[in-house]
Amino acid sequence: MTNRIDLHPTHSHGEFKLRAGKPLPFGTTLVPGGVNFSVFSRFATACDLVLFKKHAPTPFAEIPFPREFRTGNVFSMIVFDVDYENIEYGYRMDGPYDPENGHRFDKEKILLDPYAKLVSGRDVWGKEPDWNNIFPHRGQILADDFDWEDDCQLETPFEDLVVYEMHVRGFTAHASSKVKHPGTFAAIRDKIPYLKDLGINCLELMPIHTFDEFENSKISPVTGERLLNYWGYSNVGFFAPKAGFAATGKFGMQADELKNTIKTLHKNGIEVILDVVFNHTAEGNENGHYISYRGIDNKTYYMLTPEGYYYNFSGCGNTLNCNNPIVRNMILDCLRYWVTDYHIDGFRFDLAAILGRDQNGAPMSSPPLLETLAFDPILGKCKLIAEAWDAGGLYQVGSFPSWGRWAEWNGKYRDDLRKFLKGEPGLAGAVSQRIQGSPDLYQWEARENCASVNFITCHDGFTLMDMVSYDGKHNEANGENNSDGGNDNHSWNCGWEGSSEDDEVNRLRVKQIKNAAAMLLISHGTPMILAGDEIGNTQYGNNNAYCQDNELSWLNWDQLSENAEIHNFFKQMIALRKTHPMLRYSSYAQNAAADVEVSWHGTSAWHADWSGEARTLAFMCRRWQSDERRAFEPDLYVAMNMHWDAHGFELPGLENGRRWHVFANTDMPHPQDIATPGNEILLDNQHDFMVGPRSVVVLIGK
Amino acid sequence: MDLQYKMDLNDGIASITLSGSLDATNAGTFQEELKKLIGQDVKKIVFMAKDLTYIASAGLRVMIFAKQRIGADVQVYLVGAQEAVLDVVKMSGLDTFMTIQKEFEG
């Protein structure tokens, strides 16, 4: 049997032996003796496969697909005896150039395969490309031989996650990270002991799909440095990991390095969620350049106006036509690929509201793409998280179509908590909802409270340290006259704009950071921490550091010792959350099935102040009386005083001889600010607690 | 520098001394050479890599091939590898199925 020939050439082109290919799967597939190339285009009239030797300036072969190799709208061909590890490939598509009718075919252009699994061209981060390259982003063929051993998705319950949002490069690019290969996937592996010690169990990676850091690059008018597309919310290839994020990218081994990093994270109990950007591509608007989609089938891939211009719901020039059935399938294929081939645990969808717009841009009530993803069998155990708004004004926090599967970045949580933290009055009602997992937003649909991903900061906006150090954004270094970035920051500088020598200001800032950490980590839902907030990382007031590939964005690890008390506070609050299942229950308390009783208090026990002047709020969490666990699980009480004066809080009484113990009090200096779980300090006065100005107190009744 | 290799088989130990760079241009012929070990009584494959200066993905795949095809119970050793080579092996996760040693200890 070993000599049996299953596939033999039937055609030839020059020295190349060929055979009609298999239309599915799209992209490249290794088959016995050759490579199957398959690409879709509805409107192309002809297609050539273009082959390059690695890094060669010109192609060594162009093979037209014979007519009989096209099935329907798919061109597919097996090419035998290709040195697949040493070639790069693309396509030329012929067809009408008729922008008014949506067509932009140009046979002069060599196009990237939308399904390319490896993309070369930006192999080393920040290395100036050859601008004369006729084919700058080239497809490569990936062998499917990574050994995952016994690794699989971790399937950690949503409510048990503590998410840590990270930029792969920014996490370790700074020299203070002391890793061997700064700014890479491999370096994340080196930092696993740190992440485990902190207690997080899920990394959310900002975009790692292939993007071009040189897209729209320019010189900063402030620093004179070159500004790059650092964040990478602009896809070149959806199936390929960014080579420049891999220490081995220059060897074309970025896929292996990323897989190995994920495998090692999984071994350490840490999930990996990818931030995916399906709302637009790096090709820009009608003035943009050809990379792939616009030359392969412009009318299929993009939302176009009746005149053939690009709709811009993304704010980035074009909008991917997500509810076209072809594009929908591409997105599904892409996510399935990342789950099966990279063992990814979940996805966060950038500007996800766009995914619910129809082909003319109108919001749909039951968008087929979102429904497909919610019910897909391969994505069945994946976390699906929506950024439930877009740049076209569609805001769906609380109303994003979910089918019980989709969670949301809860923007209202961020805004309400920030306002409460800075001392705005009248937020007790809103904050009580946010802390319970926002039932006002999600309970109507019988969604679990893990529908809410709670965050106070994320990559978009101020870091936590900057949120307490700046009243306004300072984005001059971005070169847009400080007009970019949001203005609704709800931040407060604690009395001085920016870095301060004043001890009182600095003490207040640290306290406010601890207040934020305490509220975030006792809230029901899934908490998300922005990487670096736990060590007081600053971006010097820049709230939109998308182009700042420098020390402004990078985590400065020296702050770990300088801000050790902030780090310890985060660490112990995470530990508290892990110790007490009541903080992680998955159903709303008001729901009959829930087993946790949440009661609201104020300076008087059992009487919360819901008035428009309120700046105080307290709550208690315990098992229902009927729940057997009540005998074993301690009660929890949290008092939040966001007023600038101290207030006495009357404590609710405890049953069964239990007494209140202090776990955290942000008014106290380190190390009295926080205990370790299980080592809380017994209170002398069991009836009242004087909560300091702008302070949070966490008590354990045991 | 091109790849040079020397292969000896003694008492079930296949010792392969590598020098130069192992990449896509020479991995194929090297793999053909390794195929000669199939069916022989090989217990251990030892890549002596002191003078190996560079390894690309194609080279790593040859090592995977050695592990998977030459025999189910065969043990693979990478001995004396330079830091640059060792780095690539570790970052791509191959260190989990090869025994890495400074000197061959058996």
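For the structure, see preceding data.
Residues numbered from 1 in each chain as written. Chains lettered and ligands numbered in written order. Predicted model: local features only at pLDDT ≥ 70, side-chain atom pairs only at ≥ 80, totals over all residues. Heavy atoms only, no water.

Asks: Let's hear about the environment of A:E551: which residues, and what values?
Replies: Turning to its location among the elements, A:E551 is positioned in the loop between strand 25 (526-530) and helix 13 (559-562). Taking the C-alpha atoms as reference, A:E551 lies 6.8 Å from A:H174; in sequence the two are 377 residues apart. (Helix = DSSP H or I, 4+ residues; strand = E, 2+ residues; numbered from the N terminus.)

Asks: Tell me about the interface of chain A and chain B, residues and numbers included.
Replies: The interface of chain A with chain B comprises 19 residues on the first partner and 19 residues on the second. Counting each side, the surface lost to burial between chain A and chain B is near 1,600 Å², with a carbon and sulfur contribution of 52%. For the chain A face of the interface with chain B, the top three residues by lost area are A:E85, A:F251 and A:M253, together amounting to 31%. For the interface between chain A and chain B, the tally reads 2 salt bridges. The shortest N-O distance in the salt bridge between A:K180 and B:E83 comes to 2.5 Å. Summed over the shared surface of chain A and chain B, the result is 6 residue pairs in polar contact (both at pLDDT 80 or more). The element that contributes the greatest number of residues to the side of chain A that touches chain B is helix 4 (residues 254-267) of chain A, accounting for 4 residues. (Contact = heavy atoms within 4.5 Å. Buried area = accessible area lost by both parts, 1.4 Å probe. Salt bridge = Lys/Arg side-chain N within 4 Å of Asp/Glu carboxyl O. Polar contact = N/O pair within 3.5 Å; in protein donor to acceptor, adjacent residues only side chain to side chain.)

Asks: Could you give an account of the packing of helix 1 (residues 24-35) of chain B against helix 2 (residues 57-69) of chain B, with specific residues and numbers?
Replies: Residue and element names in this part refer to chain B. Contact geometry of helix 1 with helix 2 gives a least axis separation of 8 Å together with a crossing angle of 15°. Taken together, helix 1 and helix 2 sit at an angle that is classed as roughly parallel. For the pair helix 1 and helix 2, the sense of crossing is right-handed. Each of A24, A27, F30, Q31, L34 and K35 in helix 1 lies in contact with helix 2, whose residues at this interface are A58, G59, V62, F65 and A66. Class assignment of the residues belonging to the contact of helix 1 with helix 2 gives a composition of 8 nonpolar, 2 polar and 1 charged. (Axes fitted to C-alpha atoms, helices over the stretch in contact; angles between N-to-C directions. Parallel < 35°, antiparallel > 145°, perpendicular 65-115°, else oblique. Left-handed = near helix turned anticlockwise from the far one by under 90°. Nonpolar A, V, L, I, M, F, W, Y, C, P; charged D, E, K, R; others polar.)

Asks: Break down the pairing of strand 27 (residues 616-623) of chain A for me, with residues and values.
Replies: If a strand is regular, its side chains alternate between the two faces of the sheet. Residue and element names in this part refer to chain A. Of all 8 residues making up strand 27, 8 are buried, and the element is well covered by its neighbours. Both strand 26 (residues 596-601) and strand 27 contribute to a ladder of 6 bridges, which runs antiparallel. Paired with V596 across the two strands is R623, which belongs to strand 27. Direction of pairing for strand 27 relative to strand 28 (residues 635-641): antiparallel, over a ladder of 6 bridges. Across the sheet, C621 pairs through a bridge with L636, a residue of strand 28. (Buried < 20%, exposed > 50% of the residue type's maximum accessible area, 1.4 Å probe, protein only. Pairing = 2+ DSSP bridges.)

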